[in-house]
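Chain by chain, the residues run as shown.
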Amino acid sequence: MTQQKPVISAAEVAKHNTRESCWIIVHGHAYDVTEFLDDHPGGSKIILKYAGKDATEEYDPIHPPDAITSNLPPEKHLGPVDPDTVKQTPKELTAEQKQREERSRLKPPIDECLNLHDFEAVAKATLPDKAWAYYSSAADDEITHRDNRAAFQRIWFRPRILRDVTHVDWSTTILGHRSPMPVYITATALGKLGHPDGELNLTRAAGKHGVIQMIPTLASCSFDEIMDAGVQDQVFFMQLYVNKDREKTKKIVKHAEKRGVKALFITVDAPQLGRREKDMRMKFEDSGAAVQAKSNEKVDRNQGAARAISSFIDPGLSWKDIPWFRSITKMPIILKGVQCWEDAVLAAEAGCDGIVLSNHGGRQLDTARSGIEILPEVVDELRKRGLFPNPKFSIFVDGGVRRATDILKAVALGATAVGVGRAFIYAFSAYGQEGVEKAIKILDDEFEMNMRLIGARNISEVVPSMVDTSSLSLHVTTVPEDRLYRGNYEAMRGAEVREVIKAKL
């Protein structure tokens with residue numbers, strides 16, 4: 001029987017506020033994190049800021065609830081903190097925060113959201129700065145991020161007419177599992193930055209509507225929390241960042257398979273996370289804690305939320321690891337982040353069950369081409385080698401999707417289904433689970449209308465001859481501007497003189 005640990009006062013915790021002895025409070029319990037400082041994936045800086053204090057508010061959005069208990073040995077779990085001794089310091093809101101709270105109060109009724117762009121507009125107006133910076137940021141100059149959207153506008157429909165489209169069916173099968181539409185909710189990290197329930201908003205809405213959800217490695221909610229929130233027979237995939245410690249990776253994969261996850265999507269485009277400068281620039285607003293200034297630590301303030309939680313990712317991942325993954329799981333293995341036809345062919349020849357043509361939402365290598373742009377050449381090269389069409393090898397696309405027409409274009413060009421990420425995050429950030437359900441309903445309505453308009457009665461009739469891709473690879477071609485996307489896009493800013501920043505506030 002485990003001996004109950006004594007209750008600790010907040011005053012006692014406050015004494016341990018140095019690098020040499022660092023205690024923090026999380027969810028009413030005290031932890032000695034002194035020896036963990038240099039092992040923390042986000043570095044010691046953020047922990048030292050809360051040395052001797054309650055770190056729950058900072059901890060919650062970017063950690064699963066069990067992260068601290070799982071990573072610290074039991075002897076470092078010091079015990080419960082007497083709540084009567086914890087001083088509640090009134091939180092003073094900045095002028096900008098007050099304005100955002102007011103905008104949140106005045107946000108439009110959800111019925112006024114007519115498309116997925118609308119959720120982004122509301123989220124942009126109401127999210128905390130840190131959350132918006134993390135969700136909306138992309139790599140370097142964000143050219144790829146913007147072109148992910150623009151690429152769909154370079155594809156034009158060639159609709160067929162005089163077909164009986166009284167009844168249209170846009171349901172499909174994704175890796176052997178029925179789906180109401182050729183869409184899955186792709187993995188996006190840190191859901192609690194946008195809403196207290198985080199990824200559970202996605203899980204509950206997906207379960208209600210039969211949509212497949214991909215669980216991210218870097219979710220704010222724990223893996224088991226998400227699985228437990230699902231309904232009976234709900235289909236989950238899992239996105240995996242491969243840990244340098246292969247035993248940890250093996251443990252994660254085995255546990256996912258045991259819990260009933262149906263496919264493993266291994267992220268292969270992130271040997272190092274890209275420079276997401278909007279996110280990184282947020283760090284300059286945080287001067288850190290006095291204990292850091294006194295320490296000998298060289299503080300790097302150029303780290304955004306993304307880099308702060310990802311240092312465990314193995315840059316040594318290579319093709320030789322595919323057989324090892326095959327040896328530890330029977331789940332289908334899909335490589336997420338393929339960006340050229342050569343690697344698509346290698347994946348098929350290596351026995352993978354599929355690929356995701358993706359540039360990580362434009363968040364990795366800037367000026368990498370969009371998934372939809374490379375899709376036709378991937379299909380052509382696979383076809384030449386007798387590898388397409390192949391019921392045992394699926395091609396998925398993600399990045400820049402905002403309309404059912406985008407998804408139909410991808411399907412016409414050979415994609416099995418399309419992953420949607422940011423749009424669903426913005427939906428729950430603005431309206432919680434109801435927002436996700438509304439977003440699914442919007443896509444449903446768009447599918448019904450556009451299936452009729454292109455003359456396709458079911459997904460098998462959405463074929464290459466229905467699209468014109470002659471301008472797809474011409475990056476200088478002129479197409480009408482997507483005004484809704486452009487209105488939501490927040491231009492990058494450079495370093496600014498501090499006095500100017502204050503004057504603007």
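Please read all numbers here as calculations on a predicted model, not as lab measurements. (Residues numbered from 1 in each chain as written. Predicted model: local features only at pLDDT ≥ 70, side-chain atom pairs only at ≥ 80, totals over all residues. Heavy atoms only, no water.)

Chemist: Could you clarify how one ought to interpret the side chain of D32 in this entry?
Modeler: Among the structural elements, D32 can be located in strand β2 (residues 29–32). No salt bridge is formed by the buried D32, whose closest oppositely charged neighbour, K76, lies at an N-O distance of 4.1 Å. Looking at D32, its side chain comes within polar contact range of the side chain of T34, at 2.7 Å. Apart from the residues within four sequence positions on either side, D32 is in contact with C22, W23, L72, K76 and L78. (Helix = DSSP H or I, 4+ residues; strand = E, 2+ residues; numbered from the N terminus. Buried < 20%, exposed > 50% of the residue type's maximum accessible area, 1.4 Å probe, protein only. Lys, Arg positive; Asp, Glu negative; His and termini not counted. Salt bridge = Lys/Arg side-chain N within 4 Å of Asp/Glu carboxyl O. Polar contact = N/O pair within 3.5 Å; in protein donor to acceptor, adjacent residues only side chain to side chain. Contact = heavy atoms within 4.5 Å.)

Chemist: For this particular structure, what's the right way to read helix α11 (residues 246–259)?
Modeler: Spanning 14 residues, α11 covers 20 Å between terminal C-alpha atoms, matching the ideal 20 Å at 1.5 Å per step. All buried positions along α11 are accounted for by R246, T249, V253 and A256. Buried residues in α11, looked at end-on, bunch into an arc of 90 degrees, giving them a common side. In α11, those exposed residues whose orientation departs by more than 90 degrees from the buried face are E247, K251 and K258. Where α11 is buried, its residues touch α10 (223–229), β9 (236–240), β10 (264–267) and α15 (322–328). Its side-chain oxygen placed 3.0 Å from the backbone nitrogen of E247, D245 serves as the N-cap of α11. Where α11 terminates, the next one or two residues include G260, which has phi positive at roughly 100 degrees. (Expected span 1.5 Å × (residues − 1). Arc of directions from axis to C-beta.)

Chemist: I would appreciate a short explanation of empty space enclosed by the protein in the present structure.
Modeler: With a probe scaled to a water molecule rolled over the atoms, the places where space remains empty come into view. Applying the stated criterion across every chain yields a total of 2 cavities of 30 Å³ or more. Estimated volume of the largest cavity: approximately 520 Å³. Along the walls of the largest cavity sit 33 residues, with A187, T188, H360, G361 and R363 positioned nearest its centre. Only α7 (129–136), α8 (143–153), β14 (417–420) and α19 (422–454) provide two or more residues apiece to the lining of the largest cavity. In terms of residue count, α8 provides more of the lining of the largest cavity than any other element does, 3 residues in total. Taken as a whole, the second largest cavity encloses approximately 60 Å³ of empty space. Every residue along the wall of the second largest cavity is listed here: E120, W132, S136, H145, K278, R402, R422, Y426, Y485, N488, Y489 and E490. Broken down by secondary-structure element, the contributors of at least two residues to the lining of the second largest cavity are α7, α19 and α20 (483–488). Partitioned by chemical class, the residues of the lining of the second largest cavity number 4 nonpolar, 3 polar and 5 charged. (1 Å grid on protein atoms, 1.4 Å probe; cavity = no way out; pocket = protein on both sides within 12 Å on 5 of 7 lines; lining within 4 Å. Points joined across faces, edges and corners; volume = space filled by probe spheres on them. Nonpolar A, V, L, I, M, F, W, Y, C, P; charged D, E, K, R; others polar.)

Everything listed is a geometric property; what it means functionally is a separate question.
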